[in-house]
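# Survey of secondary and tertiary structure
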Amino acid sequence: MSQKVQITERMHSVNGVMEPQRVLIPTVDMLGDKIRQVPVGQMGDLGEIRAELAREHGADITCPVTTQRHLKVIAVIAHSAVTMGDPQAIPFWRVVDPNKPNADRLAGGRGFVVAQQTKERRAIQA
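Predicted, not measured: the structure shown is a model, and the values here were computed from it. Residue positions are given per chain, counting from 1 as you read along its sequence in written order. The model is predicted, so local features are restricted to residues of pLDDT at least 70 and side-chain atom pairs to those at 80 or more, both for listing and for counting; the totals for chains, interfaces and linings are taken over all residues. No hydrogens and no water enter the side-chain calculation; it runs on all heavy atoms of the structure.

## Considerations on the side chain of T66
- Each helix is a run of H or I in the DSSP string that is no shorter than four residues. Each strand is a run of E no shorter than two, and both are numbered from the N terminus. Within the secondary structure, T66 is located in helix α3 (residues 64-83).
- Relative accessible area decides the class of each residue, using a 1.4 Å probe on protein chains only: under 20% of the type maximum gives buried, over 50% gives exposed, and in between gives partly exposed. By relative accessible area, which is 13% here, T66 ends up buried.
- Ignoring anything within four residues of it in the chain, the contact list for T66 reads I25 and P26. Contact between two residues is taken to exist if any of their heavy atoms lie within 4.5 Å; hydrogens are not considered.

Below is the structure:
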């Protein structure tokens, strides 16, 4: 799928000095593709995914706010897909720490995230 890369420039403070920063505005597909790369039964780090996306697209950072918004969209779609038995759902639970408040704000909540993580761990142990 073609993904239009959007990079904006903003000013941010570095030791009290305002400097320009190139910010990647990711698409839902960009984020979903990276989440799919996290191996089954393992935890990925959203911060590392953002850093990797920024490097790949020549930006300094990936927008954290947009990333969180897209994660919510992915979670809604994936939760619905899992509920309907679709094995192709984006495994967003691999980048969500169930002990953080954000887990409660995603589709299915903390319980769904824990259940999916447990299911994957058991599957790779079998």
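## Focus on the nonpolar core
- L31, I35, I49, L71, F92, V95 and V96 are the most contacted members of the largest nonpolar core, which totals 25 residues.
- Going through the elements one at a time, α1 (28-36), α2 (46-56), α3 and α5 (109-125) are the ones with two or more residues in this core.
- Not counting the four nearest positions on each side in its chain, L71 is found in contact with L31, I35, L46, F92, V95, V96, N102 and L106. Throughout, nonpolar core names a set of buried Ala, Val, Leu, Ile, Met, Phe, Trp, Tyr and Cys residues whose side chains join them through atoms within 4.5 Å.

## A few points about α1
- For α1, the complete set of buried residues consists of M30, L31, G32, K34 and I35.
- For α1, the elements touching its buried residues are α2 and α3.

## Re the side chain of R94
- Considering the arrangement of structural elements, one finds R94 in the loop between α3 and α4 (102-105).
- Owing to a relative accessible area of 9%, R94 belongs among the buried residues under this scheme.
- Among the polar contacts made by the side chain of R94, one reaches the side chain of E120 at a distance of 2.8 Å.
- When residues no more than four places from it in sequence are discounted, the contact partners of R94 are R36, V38, P39, V40, G41, Q42, M43, G44 and E120. Polar contact is defined as a pair of N or O atoms within 3.5 Å, subject to the rule that within protein one atom must be able to donate a hydrogen and the other to accept it, and that residues adjacent in sequence are counted only when both atoms are side-chain atoms.

## Re α2
- Where α2 is concerned, the buried positions are L46, I49, L53 and A54. Looking straight down α2, one finds that the buried residues subtend no more than 135 degrees of arc, so they occupy a single side. Among the exposed residues of α2, those pointing more than 90 degrees away from its buried face are E48 and R55.
- Packing partners of the buried residues in α2 comprise β2 (17-25), α1, β3 (61-62) and α3.
- You can read the cap of α2 off the contacts: a side-chain oxygen lies 2.9 Å from the backbone nitrogen of G47, and it is on D45.
- Directly beyond the C-terminal end of α2, a positive phi value near 70 degrees is found at G58. In this description, one arc is meant: the one made by directions from the helix axis to the C-beta atoms.

## Quick word on the sheet that holds β2
- Strand pairing requires that DSSP identify at least two bridges connecting the strands. Taken in spatial order, the three strands line up as β1-β2-β3 in an open sheet, and their pairing is mixed. Looking at which strands have only one partner, the edges of the open sheet turn out to be β1 (6-14) and β3.
- As paired strands, β2 and β3 are joined by two bridges and run parallel to one another. Considered in β3, the bridge of L24 is made with T62.

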